[in-house]
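# Observations on the three-dimensional arrangement
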Amino acid sequence: MNTPARFAFEERNAYFDRLCNTPGLMWLGQNTNHFDPHPSVIEAVVDALREGSYHAYAPPAGFEELRTLIAADAGIPDASVFVTDGAVEALYNVCSNLCEPGTEFLTTDPSWAWPMHFARKAGARVVELPIYDAAQDYKLTPAQLAAAVNEKTRVIYLVDPNNPLGTCHTADEIRAFTEIARSVGAYLIHDATYSQFAEGFSPAFLHYPEKAIVIYSFSKWLGLAGMRLGAVLARPEIIERFASAPPNNLGSNVLSQRAAIAGLKSKAEWFPEVLRRLRANQKAVFDAVAAVPGLHIPVYPSHANLLVIETVDAGIKPEALVAAYQPENIMIRQGTYHTKTFGDRFVKVSLSVPEHWVARFCELLPAMVDKARHLAPSTSLF
Ligand SMILES: Cc1ncc(COP(=O)(O)O)c(C=O)c1O
């Protein structure tokens, strides 16, 4: 029986439950991938169900075949892989192990919020470095990072490509960050959840194997968000620490792992078309936004499966635009989900989705902006 919505978690849960149970909802808000998978992915899951291989626990660090495939896909075949129930669980494990009272956790603003909660819970002080600025190409600069680190800096958490901005760091920038991390002995968590969508992504592990930790997800590129699968990649000495008391020591979902193995094996055949369709969707939204006075896309093209749309010059609140789209069965995300400081400037739209969803979003855009001018959102958004 559900308890009344007087607790924050209940309210949040009811919100997402409503979304999940809305028939035909167009998911343009969570950076999930809604394209049909390669047929072999479905077959792998059905076969695993039929064989009953899910009756047994999977190995605690993941199937060996999957671990090898992940390391290769991440471009760091020498790294050790620990498979997790999504990237977020990997981040929970890493942050809980590395952060403690007296330490500092550096990240950007905007960034992805949950690891900041994990770091604070473990006692670390969180420091956010602002990057929402055209003058620095909406990216962290080495000078900014160098000025912020000190002997207390335990972790530098870098979401790259950035969610929500869609910017991606060059190999030179990543190398500079690793040199700064090394100068103070800090770990560099390189959250590569969106790396498959980027051009020129460079894993920090290549430059700083001793203390770089790469976070990997199957939610975005392969579209397995609801199947919960990700990984953490690092030197085996570091993985050993995370493997000593992980949140889930009984192995990740067998069906999800079989899907992921099939997805990685068919990636070369399947994923280029996903990228092509994603980029065409980005272009369609870019053109639609250009036709509405006051709207603006700060980062285009984006290196992730999303675009940020600034609403501030159109005189509307991001929350109002989100609320305007809700009755149209379209979910987009308000900027405050990512950042308190800059969140009133923008909405985020995810675009690894069927073209007709994007066409509907674009067609409605002028009317939704008009509607948002007069709308005060009545329900909380998450
Ligand atoms: C930067 C970042 N890291 C991690 C995650 C979580 O990924 P997963 O679904 O694999 O837990 C997200 C989800 O949106 C994200 O944006």
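For clarity, every value in this text was computed on a predicted model and none was experimentally measured.

If you tally the helices and strands in the chain, you get 12 helices and 12 strands. Taken along its principal axes, the extent of the C-alpha atoms in the chain is 55 × 55 × 45 Å. Out of the 382 residues belonging to the chain, those deemed buried represent 47%. Looking at the chain alone, contacts between residues at least 24 apart form 72% of all its contacts between residues at least 6 apart.

Our focus in this paragraph is the sheet that holds strand S7 (residues 212-217). Sheets are built from strands paired through backbone hydrogen bonds, the pairs being either parallel or antiparallel. Judged by pairing direction, the sheet is mixed, and its 7 strands sit side by side in the order S2-S8-S7-S6-S5-S3-S4 without closing on themselves. On the outer flanks of this sheet lie strand S2 (80-84) and strand S4 (125-130), each paired with one strand and no other. Strand-to-strand twist across the sheet, computed as the mean angle between neighbouring axes with direction ignored, equals 20°. Sheet analysis places strand S3 (residues 104-109) next to strand S5 (residues 153-159), joined by 4 bridges and oriented parallel. Its bridge partner lying in S5, Leu-106 is registered against Ile-156. The strands touched by helix H3 (residues 64-73) are S2, S7 and strand S8 (230-234); relative to S2, the strand with the most contacts, the crossing angle is about 115°. Along the sheet face, helix H5 (residues 114-121) touches S3, S4 and S5 and points at about 150° away from the line of S4.

Moving on to the domain arrangement of the chain. Splitting the chain by domain gives domain 1 (8-30 + 268-373) and domain 2 (39-265). Put simply, the middle of domain 1 and the middle of domain 2, counted by C-alpha atoms, are 25 Å apart. Every contact between the two is made by 17 residues of domain 1 and, on the other side, 21 residues of domain 2. Looking at the side of domain 1 that touches domain 2, the elements that each hand over two or more residues are helix H10 (267-290) and strand S9 (306-310). When its residues are assigned to classes, the side of domain 1 that touches domain 2 shows 10 nonpolar, 6 polar and 1 charged.

Along S9, 4 of the 5 residues are buried, which leaves the element largely enclosed by surrounding structure. For S9 and strand S12 (residues 346-350), the ladder comprises 5 bridges, and the chain directions are antiparallel. For Glu-310, the partnering residue across the bridge sits in S12 and is Phe-346.

Turning our attention to the sheet that holds strand S11 (residues 333-334). Reading across from one edge, S9-S12-S11 is the order of the 3 strands in this open sheet, with antiparallel pairing throughout. Both outer strands of the open sheet, S9 and S11, are each paired with one neighbouring strand and no more.

Below, the discussion takes up helix H2 (residues 39-51). Taking 1.5 Å of rise per residue, the 13 residues of H2 would be expected to cover 18 Å, and the 18 Å separating its terminal C-alpha atoms lies within 8% of that figure. Among the residues of H2, those classed as buried are Val-41, Ala-44 and Val-45. On an axial view of H2, the arc spanned by its buried residues comes to 95°, and they lie on one face. Facing away from the buried side of H2, by more than 90 degrees, are the exposed residues Pro-39, Val-46, Arg-50 and Glu-51. Along its buried surface, H2 packs onto helix H9 (254-265). Residue Gly-52 follows H2 closely and has a positive phi angle near 75°.

Where H3 meets H9, the closest approach of the two axes is 10 Å, and the angle between their N-to-C directions is 45°. Relative to H9, H3 is oriented oblique. H3 and H9 meet at a crossing whose hand is left-handed. Contacts between H3 and H9 pair Glu-65, Leu-66, Leu-69 and Asp-73 from the former with Gln-257, Ala-260, Ile-261 and Leu-264 from the latter. Counted by class, the contact of H3 with H9 contains 5 nonpolar, 1 polar and 2 charged residues.

This next bit is on the nonpolar core. One recurring pattern in soluble globular proteins is that nonpolar side chains are buried together. Judged by nonpolar contacts, the single largest core of 113 residues is most densely connected at Val-155, Leu-188, Val-214 and Leu-233. If we skip the residues at most four places from it in the chain, Leu-188 touches Ile-156, Leu-158, Phe-177, Thr-178, Ala-181, Ala-204, Tyr-208, Lys-211 and Ala-212.

Tracing the backbone through its elements, the reader meets Cys-168 in the loop between S5 and helix H7 (171-184). With 23 C-beta atoms packed within 10 Å, Cys-168 lands in the buried category. As a C-alpha pair, Cys-168 and Gly-24 span 144 residues in sequence and 32 Å in three-dimensional space. Once you skip the residues sitting within four places of it in the chain, Cys-168 turns out to touch Asp-160, Pro-161, Ala-198, Gly-200, Phe-201 and His-303.

What counts, and where the lines are drawn
- Residues numbered from 1 in each chain as written.
- Predicted model: local features only at pLDDT ≥ 70, side-chain atom pairs only at ≥ 80, totals over all residues.
- Helix = DSSP H or I, 4+ residues; strand = E, 2+ residues; numbered from the N terminus.
- Buried ≥ 20, exposed ≤ 12 C-beta atoms within 10 Å, placed from the backbone.
- Contact = placed C-beta atoms within 7 Å.
- Pairing = 2+ DSSP bridges.
- Axes fitted to C-alpha atoms, helices over the stretch in contact; angles between N-to-C directions.
- Domains from an automatic or database assignment.
- Nonpolar A, V, L, I, M, F, W, Y, C, P; charged D, E, K, R; others polar.
- Expected span 1.5 Å × (residues − 1).
- Arc of directions from axis to C-beta.
- Parallel < 35°, antiparallel > 145°, perpendicular 65-115°, else oblique.
- Left-handed = near helix turned anticlockwise from the far one by under 90°.
- Core = buried A, V, L, I, M, F, W, Y, C linked by C-beta atoms within 7 Å.

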